[in-house]
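Architecture and fold: a report
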Amino acid sequence: MIGNCQADVYRDLLRSADGVAVRDVRPVYEMTARDLPGLQADLARTDVLIVQPVRDDYRDLPLGHRQLAARLPASATVVLVPVLRYAGLHPYQVLIRPPHDRSLVPPIAPYHDLRAIVAAATGDRDVLGAAPDPGQALASALDSVEALRTREQAHGTLIASDLLEGVPRWHTLNHPDRHTLQEVFDRVLAALPPGLIDHPPRIGDREPLGATRAPVDPAVERALGLPETGPREWLVDGVSVPVDEVTQAHLAWYASTPGVVEEGLRRHADRIELLGLT
């Protein structure tokens, strides 16, 4: 299983299944040329490759999912799993990977708020108090569904976009709740060779990706027809952190970290416009 934190959950579930040997592989964004011989040797004796889409020659290395699949035995099975992102509950939340250093993340909570990005770029602190109107909140949720559907069609992955139509209660932009993760994992299992796993593992009542939980605006809950359940502050490893504390830490970090704000404005220009932050 090769992929991000979501893939880690599926890998751990597979590891708990009887008769399945799971190979731990570093995330592709951490790999270097030194990793290639070992990775290619592992692929040559792999029966099933479960992988998220990666473009060819990623970081100038042959780490694209097609390139990895080409290293498998002819009898191997490839299951392509989409990278899940859902901004329905968190319309202002985005990920930003500056090209000069993709490992850079802001302090406290490793997610960016477009209101803070715009405030850092313009000096207008009033934008920090913006809340989405019902049309913007709904548009943000629908945009996430359509974006995932587009990626599924482009890469030929398993289908998961229908799971977002039910407005799931995710923890952050890219940390699904256990119900979503279990449903996707069940679809992964269905794509495996028959009889490979007799007793499918279950997540149970734990939240594998729930260590960090982003606040949910009551305006978003109302727009999406959800009960008011929050949280209203950040929860980081079980500790409640006020929204303003995170925002101020991020603004200070932007001021001392060149390139992040500019990349956020460039990469997320459409969402900034959709949410009326321009």
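Above this text is the structure in question.
These remarks concern the structure in this document.

Cut-offs and rules
Residues numbered from 1 in each chain as written. Predicted model: local features only at pLDDT ≥ 70, side-chain atom pairs only at ≥ 80, totals over all residues. Heavy atoms only, no water. Phe/Tyr/Trp six-rings, centres within 6.5 Å; stacked < 30°, edge-to-face > 60°. Helix = DSSP H or I, 4+ residues; strand = E, 2+ residues; numbered from the N terminus. Buried < 20%, exposed > 50% of the residue type's maximum accessible area, 1.4 Å probe, protein only. Core = buried A, V, L, I, M, F, W, Y, C linked by side-chain atoms within 4.5 Å. Contact = heavy atoms within 4.5 Å. Axes fitted to C-alpha atoms, helices over the stretch in contact; angles between N-to-C directions. Parallel < 35°, antiparallel > 145°, perpendicular 65-115°, else oblique. Left-handed = near helix turned anticlockwise from the far one by under 90°. Nonpolar A, V, L, I, M, F, W, Y, C, P; charged D, E, K, R; others polar. Arc of directions from axis to C-beta. Salt bridge = Lys/Arg side-chain N within 4 Å of Asp/Glu carboxyl O.

Tallying each qualifying case throughout the model produces four aromatic pairs. Ring geometry for Tyr-86 versus Trp-170: centroids 5.7 Å apart, planes at 65°, classification edge-to-face. Of this pair, Tyr-86 sits in the loop between strand S2 (77–80) and strand S3 (93–94) while Trp-170 sits in the loop between helix H6 (161–164) and helix H7 (178–190), placing them 84 residues apart in sequence. Trp-170 carries the same exposure label as Tyr-86, and that label is buried.

In terms of nonpolar packing, the biggest core is built from 35 residues, with Tyr-10, Ile-50 and Val-81 touching the most fellow members. Of all the elements in the fold, those that place two or more residues in this core are helix H1 (5–15), helix H5 (134–155), H6, H7 and helix H8 (218–224). Setting aside its immediate chain neighbours within four residues, Ile-50 contacts Met-1, Ile-2, Leu-14, Val-79, Val-81, Val-188 and Leu-192.

Running from amino to carboxyl end, H1 crosses H7 at an angle of 60°, the nearest separation of the two axes being 10 Å. With respect to H7, the element H1 is oriented oblique. Judged by the sense of rotation from one axis to the other, the crossing of H1 with H7 is right-handed. Along its contact with H1, which presents Val-9, Tyr-10, Leu-13 and Leu-14, the element H7 presents Leu-181, Val-184, Phe-185 and Leu-189. Looking at side-chain class alone, the contact of H1 with H7 contains eight nonpolar, no polar and no charged residues.

It is worth spelling out helix H2 (residues 36–44) at this point. Owing to its 3.6 residues per turn, the α-helix brings residues three or four apart onto one side. Those residues of H2 not exposed but buried are Leu-36, Leu-39, Asp-42 and Leu-43. For H2, the arc enclosing every buried residue in end-on projection is 130°, short of the 170-degree limit, so these residues lie on one face. Packing partners of the buried residues in H2 comprise strand S1 (48–51) and helix H3 (65–69).

Turning our attention to the environment of Gly-225. Inspection of the secondary structure puts Gly-225 in the loop between H8 and strand S6 (234–236). The class for Gly-225 is exposed, based on a relative accessible area of 64%.

Moving on, we get to the pattern of salt bridges. On inspection of all chains with the given rule, the structure shows 19 salt bridges. A salt bridge links Arg-115 to Asp-113; the shortest N-O distance between them is 2.7 Å. Judged by its relative accessible area of 23%, Asp-113 is partly exposed. Linking Glu-146 and Arg-149 is a salt bridge whose minimum nitrogen-to-oxygen distance equals 2.5 Å. In this pair, Glu-146 and Arg-149 are both assigned in helix H5, three residues apart and thus about one turn of the helix distant. On the basis of relative accessible area, Arg-149 is assigned to the partly exposed category, the value being 23%.

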